[in-house]
Amino acid sequence: MRTAKKEKFKTSIGGQALIEGVLMRGPGRMAIAVRNPAGKIQLETEPVKRNPVARVPVVRGIFSFIDSLLVGYRALMRSAEISMTEEEREEEESRFDRWVREHLGEKALNAMMSASAVLGGLLAIVLFIVLPTFLTGLLGRVVDLGLFRSAVEGVLKLGIFLLYLFAISRMKEVNRLFRYHGAEHKTIATYEAGEPLTVENVRQNSRFHPRCGTSFLLLVILISILVFSLVPWSSTLGRVGLKILLLPLVMGLSYEVIKFAGRHDNLLSRAISAPGLWLQRLTTAEPDDSMIEVAIASVEAVLPGEGESDRW
């Protein structure tokens, strides 16, 4: 087993929880490690393509978010295939999916899966952008909100987001996914601490990490409240349209903020990271040793090789 570097630093390696597995992305490779029905860890890797805008501030955050959404969804679907038995896969796969696979091929099915990920993003826009503005507009017809209109909209947006996370965290399947999320964070923390990647070491580290997708989403919500407060309330539909146009800017700014917080350890970075770390009490849970083993396998598969650097 490879051991972690004997120094403390901030790594760019990161990923997400999957169904009975973990996705990790390193400087040169991406890996998914999933425990199959036989109890074995199945590991799959592929090279990571360099994005030409990776060094352009703000812009890189937009492309990084879209790429993470598409890659993450594809990995999630793949983990479902690996972790299920043949009978379970046949039960889960719809007749339409089977028809697409048999008549149009695997590429068409993958394209359809990518489209589903995009639809999921559109649903998030409706839930966290359109709905709060619509509700605030309705409330404004009953009560004179005055200068507090944007503040009320922000509170509604944050409330919907927190309620959504709380609701899904109560689901048994999602709770298990969040335990793998905890395993991912604890393994990264162990690697950054310069400790050997063993189950014993990983178990002792924190499941809360400042550079997390949950923290990023919360930052998007908070920064959007500030940016969208400058958008006029000439009409509800007009405001929604302007907010959607400004969303890429919000995502880009949020990426730069979380990148700053992930790279530094000072009072400002800790203040930025604090809300996301609190929220991770909902989106992470303590993993068992078998989950930690999966996370370790995924991290070890993407550790930098000769000439590669994973410094954040």
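One structure accompanies this document, and this report is about it. (Residues numbered from 1 in each chain as written. Predicted model: local features only at pLDDT ≥ 70, side-chain atom pairs only at ≥ 80, totals over all residues. Heavy atoms only, no water.)

Attention now goes to the nonpolar core. Counting 23 residues, the largest nonpolar core has Ile13, Val22, Met24, Tyr180, Tyr191, Ile296 and Val299 as the members making the most contacts within it. Counting only elements with at least two residues in this core, the list comes to β2 (21-25), β3 (29-35), α6 (172-192), α7 (199-204) and α11 (289-300). The greatest single-element share of this core, amounting to six residues, is contributed by α11. Setting aside chain neighbours within four positions, we find Ile13 in contact with Met24, Arg25, Gly26, Pro27, Ile188, Tyr191, Arg211, Val302, Leu303, Pro304 and Asp310. One finds Phe228, Val250, Tyr255 and Trp312 within the second-largest nonpolar core, a separate group that totals 11 residues. (Core = buried A, V, L, I, M, F, W, Y, C linked by side-chain atoms within 4.5 Å. Buried < 20%, exposed > 50% of the residue type's maximum accessible area, 1.4 Å probe, protein only. Helix = DSSP H or I, 4+ residues; strand = E, 2+ residues; numbered from the N terminus. Contact = heavy atoms within 4.5 Å.)

All told, the structure shown has three aromatic pairs when counted by the stated rule. The interplanar angle of 35 degrees and the centroid separation of 5.8 Å between the aromatic rings of Phe65 and Phe216 together place this pair among those described as tilted. Here Phe216 lies in helix α8 (residues 213-228) and Phe65 lies in helix α1 (residues 59-83), a separation of 151 residues in the sequence. According to the relative accessible area criterion, Phe216 is buried, its value standing at 10%. Seen in terms of ring centroids, Phe128 and Phe161 are 5.7 Å apart; in terms of plane orientation they differ by 80 degrees. Their pairing is edge-to-face. On the criterion of sequence distance, the pair formed by Phe128 in helix α4 (residues 106-142) and Phe161 in helix α5 (residues 149-169) is long-range, its members being 33 residues apart. An aromatic cluster of three or more residues is present, and its members are Phe128, Phe161 and Tyr164. (Phe/Tyr/Trp six-rings, centres within 6.5 Å; stacked < 30°, edge-to-face > 60°.)

Looking now at the side chain of Thr283. Inspection of the secondary structure puts Thr283 in helix α10 (residues 267-283). Given the relative accessible area of 3%, Thr283 is considered buried. Once residues within four sequence positions are removed from consideration, Thr283 is found in contact with Leu165, Phe178, His181 and Thr214.

Right, let's talk about the pattern of salt bridges for a bit. Per the counting criterion, the structure on display carries 15 salt bridges. The salt bridge involving Glu153 is made with Lys243; its shortest N-O contact spans 2.7 Å. Of this pair, Glu153 sits in helix α5 while Lys243 sits in helix α9 (residues 236-263), placing them 90 residues apart in sequence. Classification of Glu153 as buried rests on a relative accessible area of 3%. Overall, Lys243 belongs to the buried group, its relative accessible area being 0%. A salt bridge links Glu286 to Lys186, with the shortest nitrogen-to-oxygen separation between them at 3.1 Å. Pair noted here: Glu286 is in the loop between α10 and α11 and Lys186 is in helix α6, with a separation of 100 residues, a long-range link. If you follow the salt bridges from partner to partner, you end up with Glu44, Arg78 and Glu81 in one network. (Salt bridge = Lys/Arg side-chain N within 4 Å of Asp/Glu carboxyl O.)

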